[in-house]
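# Structural overview for review
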Amino acid sequence: MKKGKGQLLFRNALLDWFGANQRDLPWRRTYDPYHIWVSEVMLQQTQMERGVEYFNRWMERFPDIRSLADASEQEVLKAWEGLGYYSRARNIRAAADVLLAEYGGVVPEDYAALLALPGIGPYTAAAVMSIAFNQPYPVIDANVERLFARIDNVARPMKEKAVYQNLEKILATMLRTAPPRDFNQALMELGALVCRPRNPLCGECPLGTQCRALAAGTVMQRPVLPPRKETIDIVMACAILKHNGKFFIQQRRSDDVWGGLWEFPGGRLKNGESAAQAAARELYEETELRAVNLDPFRTVTHHYTRYRVTLHAFFCNISKVPEPRLHAATAFRWVALDELDRYPFPSGHRQLIAHMKR
DNA sequence: TTCCAGGCGT
DNA sequence: ACGCCTGGAA
């Protein structure tokens, strides 16, 4: 991008567009720092429409930092259920404790203090500083990277050090005169609504005359993305154990995938093993309970990271009075079908529960 | 059915 | 550098 006059044109066109086109979102009603913080973390991973639903439910349940700090981790995970990346929910909860203990329950207007909180990195700290407090900190998220990759027709990955530092410099310069709250939001909003990853609306873009990728016909090749990693298929089986009308669930360790969430015992098939054999074996290895009457129920698929999981579920019983000994989990419960909703489950297990209730 | 997004912690 | 997670778009 050109310096001086070019940057001024850029900023004015961007701010005019934002003034006329910004969406009416719940956290834009007050710009309360707690609202901005939670919405930024939620929106990092969630499409806007779903994010608004989760945000509104969250604020109803945890209207302020104190109510969040008073809540159990289970309640917080339940409110986050379905969003994925559950460490983020645990981190928000942990940060609320720190804010209460060290900052009187208030979000500090201090970049370094924000950065030191669990789950807050450079992006979120800059977003809270600029959007909540209107301070001149550049925010660089994927929207901003994509927008500038196209404006400047950058042929290298945006994460490259020199490329990234150049972008930081441009934004810092513009923020010397632009209003931080509106400017940063405008960049991200334009990236989300117009300069979209697929099907960008270049005909409606207020920066079209300044876009080098548009002029060069390379919009769809920008930004340059790193090569995708291969998807790995894995097959798993789980045992839905029913005894005296209740179902056995166990809670995953907090340092593991889906930490703190609940599940039916299960695991990966070994070489040459059938799904039913794996379900019974995993149940025994994880709980020392012996399955009888294994009955195929449903097969569901879900994804995490670069794995595609096919999960075979089996109903089963046990013959003797149960006293499980846990080897893969931190707690267990016997729960009636109607009560399962109170516990947070990973996506695949929630699919199974939905089928059980039909 | 496949592909895709995306900041933080380790 | 890599793992975390999911639902919706293509």
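Residues numbered from 1 in each chain as written. Chains lettered and ligands numbered in written order. Predicted model: local features only at pLDDT ≥ 70, side-chain atom pairs only at ≥ 80, totals over all residues. Heavy atoms only, no water.

## Points about the pairing of strand β5 (residues 292-304)
Two strands pair when backbone bridges link them, and β5 and strand β6 (residues 307-317) are joined in this way by 10 bridges, in the antiparallel orientation. When the sheet's bridge partners are listed, H302 is paired in β6 with V309. Joining the antiparallel neighbours β5 and β6 is a turn of two residues, in which T305 adopts a positive phi near 50°. (Pairing = 2+ DSSP bridges. Helix = DSSP H or I, 4+ residues; strand = E, 2+ residues; numbered from the N terminus.)

## With respect to the domain arrangement of chain A
Taken as a whole, chain A is organised into domain 1 (5-221) and domain 2 (232-356). Domain 1 and domain 2 are separated by 37 Å when their C-alpha centres are compared. On the domain 2 side, the residues contacting the seven residues of domain 1 number 13 residues. Summed over both partners, the interface of domain 1 with domain 2 buries about 800 Å², with 50% contributed by carbon and sulfur atoms. A salt bridge links R350 to E81; the nearest nitrogen and oxygen atoms lie 3.7 Å apart. Here domain 1 is connected to domain 2 by seven residue pairs in polar contact (both at pLDDT 80 or more). Of all elements in the fold, only α5 (73-80) and α6 (86-102) reach the threshold of two or more residues within the side of domain 1 that touches domain 2. For the side of domain 1 that touches domain 2, the leading source of residues is α5, giving three residues. (Domains from an automatic or database assignment. Contact = heavy atoms within 4.5 Å. Buried area = accessible area lost by both parts, 1.4 Å probe. Salt bridge = Lys/Arg side-chain N within 4 Å of Asp/Glu carboxyl O. Polar contact = N/O pair within 3.5 Å; in protein donor to acceptor, adjacent residues only side chain to side chain.)

## Topic: the protein's contact with DNA strand C
Around DNA strand C sit 18 residues in total, of which N199, V257, H303, T305 and R306 are the nearest. Each atom of DNA strand C within 4 Å of the protein belongs either to a base or to sugar and phosphate, the latter forming 73%. Interatomic distance of 3.3 Å between a backbone N/O atom of G82 and a sugar or linking oxygen of DNA strand C. Here a phosphate oxygen of DNA strand C and a side-chain polar atom of R350 are 3.4 Å apart. At the level of elements, β5 and α14 (347-356) are the ones that each hand at least two residues to the surface near DNA strand C. Per element, the largest residue contribution to the surface near DNA strand C is three residues, and it comes from β5. Taken together, the residues of the surface near DNA strand C break down into six nonpolar, eight polar and four charged. (Near = heavy atom within 4 Å. Nonpolar A, V, L, I, M, F, W, Y, C, P; charged D, E, K, R; others polar.)

## Some remarks on the side chain of Q45
Secondary-structure assignment places Q45 in the loop between α2 (33-43) and α3 (48-61). Polar contacts involving the side chain of Q45 include one to the side chain of R88, which spans 3.1 Å. Not counting residues up to four positions away in its chain, the partners in contact with Q45 are W80, L83, G84, Y85 and R88.

## A few points about the side chain of H302
Here H302 shows up in strand β5. Relative accessible area serves as the criterion here: at 8%, H302 is assigned to the buried category. Leave out the neighbours within four places in its chain, and H302 touches W258, Y307, R308, V309, S347, G348 and Q351. (Buried < 20%, exposed > 50% of the residue type's maximum accessible area, 1.4 Å probe, protein only.)

## A short note on the packing of aromatic side chains
If you walk through the whole model with that rule in mind, you get 13 aromatic pairs. Note on W258 and Y304: the rings are 4.9 Å apart at their centroids and 65° apart in plane angle, and the pair reads as edge-to-face. With W258 in the loop between β2 (246-252) and β3 (262-263) and Y304 in strand β5, this pair connects stretches of sequence that are 46 residues apart. Ring geometry for Y304 versus Y307: centroids 5.4 Å apart, planes at 40°, classification tilted. Ring pairs connect the aromatic residues W58, F62 and W80, which therefore count as one cluster. Over the aromatic face of Y85 sits the side chain of R88, whose NZ or CZ is 4.6 Å from the ring centroid. (Phe/Tyr/Trp six-rings, centres within 6.5 Å; stacked < 30°, edge-to-face > 60°. Lys NZ or Arg CZ within 6 Å of the ring centre and 35° of its normal.)

## Structural notes on the packing of α2 against α3
For the pair α2 and α3, the least separation of the axes is 10 Å and the interaxial angle reads 140°. Taken together, the axis directions place α2 and α3 in an arrangement best described as oblique. Handedness of the crossing formed by α2 with α3: right-handed. Taking contact as the criterion, the partners of Y34, H35, V38, S39, M42 and L43 in α2 are, on α3, M48, G51, Y54, F55, W58 and M59. Residue composition of the contact of α2 with α3, grouped by class: nine nonpolar, three polar and no charged. (Axes fitted to C-alpha atoms, helices over the stretch in contact; angles between N-to-C directions. Parallel < 35°, antiparallel > 145°, perpendicular 65-115°, else oblique. Left-handed = near helix turned anticlockwise from the far one by under 90°.)

## A few points about α14
Those residues of α14 that fall on the buried side of the exposure criterion are G348, H349, L352, I353 and M356. Down the axis, α14 shows its buried residues gathered within 140° of arc, on one side only. Residues of α14 that are buried sit in contact with β1 (232-243), β2, β3, β5 and β6. (Arc of directions from axis to C-beta.)

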